[in-house]
Structure formats: structure tokens, C-alpha cells
Amino acid sequence: MTDHGYFLKKALEVAKRSLDKGNLPFGCIMTGPDDIILLEGENTVITDQNRIAHCEINLIRQLSSEVDLHFLEHCTLYASTEPCAMCAGAIFWSGIGTVVYALGKDAYHHIAGTCDPAHRLDMPVRRLLEQGGRSMTVLGPLLEEEAIACYEKWTGEKR
């Protein structure tokens, strides 16, 4: 049985590395069907000066065009925070079969204080992926309290 908590903690470690490098605190990992970590993705929006350099987009870009779609259907993307609508679309089109996330968008926005509607596109990942033509698994939020504690520790703010 897959230990989702273990892999979500690894995604949170990647998010912390992103933050330590001056980027936004988002990270993800991808595991193969045998639960081996294949890739990591850090957020590089600030250091790359690229608004779409989200961790999931960066991870998907690392995927070789030679990776078989049927293989990716059996892979899992673990994200520190619920993927945004843009990243959910990229996950769908890449062929990844499962998404698991630690912290929900609402909890993250509460911690981050992101209330400006110009910086929010609040389409839940589950709802967006249900609109696709192939079956996908979405699990989350899982480990939300632990993820909240991490984000609060990193930012020095309490919710």
C-alpha cells in the first residue's frame, strides 16, 4: 500500500527548498507505478522571472517526450499544495494518472493572505479534472494540518 504521507512530506521538503532559493513555497514530486520517486519540481516563478514556472509545470517540462502516455497513467504527482487550474490542465494533458496534495487552496490562501481576486483562479483541481475525457484520481487535502504548520513556520505567521 502506498504511503501518501511519506511522499507528501517529500513534496513539502521540495517546497521548502523552493522558498530557500527565493521562490514561492511550492514543490512536487512524481512517483512511478512502483512508488519510486522519478522527478521533483520546484517553483521558480521569482528566480526565472516567469509567472508560469509553477512546480508542476517545471516537473512536467522535465518529462521526456519519449515517456509513454500509458506509463504516466500509472504515475502519481504529489504536490505540497493543491494544483492551480493551469497546472491541473498540464497534469491532465501530460497523462499523469493520479494527483495527491497536502494543503488545500483555501487553507493556503488564508495563510498567505492572498485575497486579491486578480491573483486567484479558484477552480478546484478535482472539479477541473472531472471535466476531462479520461478517469483520474485526485486525493487531498491530506496532511493539511502538518502542511499548515510547515507554511506557518516558514512564513513566521499563524493562521
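Structure: above.
The sections below set out a description of the structure shown in this document. Numbers given for residues are sequential positions, taken from 1 along each chain in its written order. In keeping with the predicted nature of the model, local features appear solely for residues at pLDDT of at least 70, side-chain atom pairs appear and are counted solely at 80 or more, and the whole-chain, interface and lining totals rest on all residues. Heavy atoms from the whole structure form the basis of all side-chain values; hydrogens and water molecules are not counted.

**Digging into the packing of helix α2 (residues 55-62) against helix α4 (residues 85-94)**
Here is step 1: Between α2 and α4, the shortest axis-to-axis distance is 9 Å and the interhelical angle comes to 25°. In terms of orientation, α2 lies roughly parallel with respect to α4. As for the relative orientation of α2 and α4, their crossing is left-handed in sense. Where α2 approaches α4, its residues E56, I57 and I60 are matched on the opposing element by M86, C87, A90, I91 and S94. Where helices are involved, their axes are fitted lines through C-alpha atoms of the stretch in contact, as for all axes, and angles between N-to-C directions lie from 0 to 180°. In this description a helix means any DSSP run of H or I spanning at least four residues, a strand means any run of E spanning at least two, and both kinds are numbered starting from the N terminus. For classification, angles of less than 35 degrees are called roughly parallel, those exceeding 145 degrees roughly antiparallel, those between 65 and 115 degrees roughly perpendicular, and all remaining angles oblique. The crossing is said to be left-handed when, going from far helix to near helix, the turn is anticlockwise and less than a right angle, and right-handed when the turn is clockwise. The contact criterion used is simple: two residues touch if any of their non-hydrogen atoms lie within 4.5 Å.

**Comments concerning the sheet that holds strand β5 (residues 137-139)**
Here is step 1: Paired strands, as defined in this entry, are two strands with at least two bridges between them according to DSSP. Taken together, 5 strands build an open sheet; the order of strands is β2-β1-β3-β4-β5 and the sheet is mixed. Two strands in the sheet have a free side with no partner beyond their single neighbour: β2 (37-42) and β5. The average undirected angle you get between the axes of adjacent strands in this sheet is 15°.
Here is step 2: The sheet contact formed by strand β1 (residues 27-31) and β2 spans 5 bridges and is antiparallel. Bridged to M30 within β2 is L39.
Here is step 3: Set on the sheet, helix α1 (residues 4-20) makes contact with β1, β2, β3 (76-81), β4 (98-103) and β5; between it and β1 the angle comes to about 140°.

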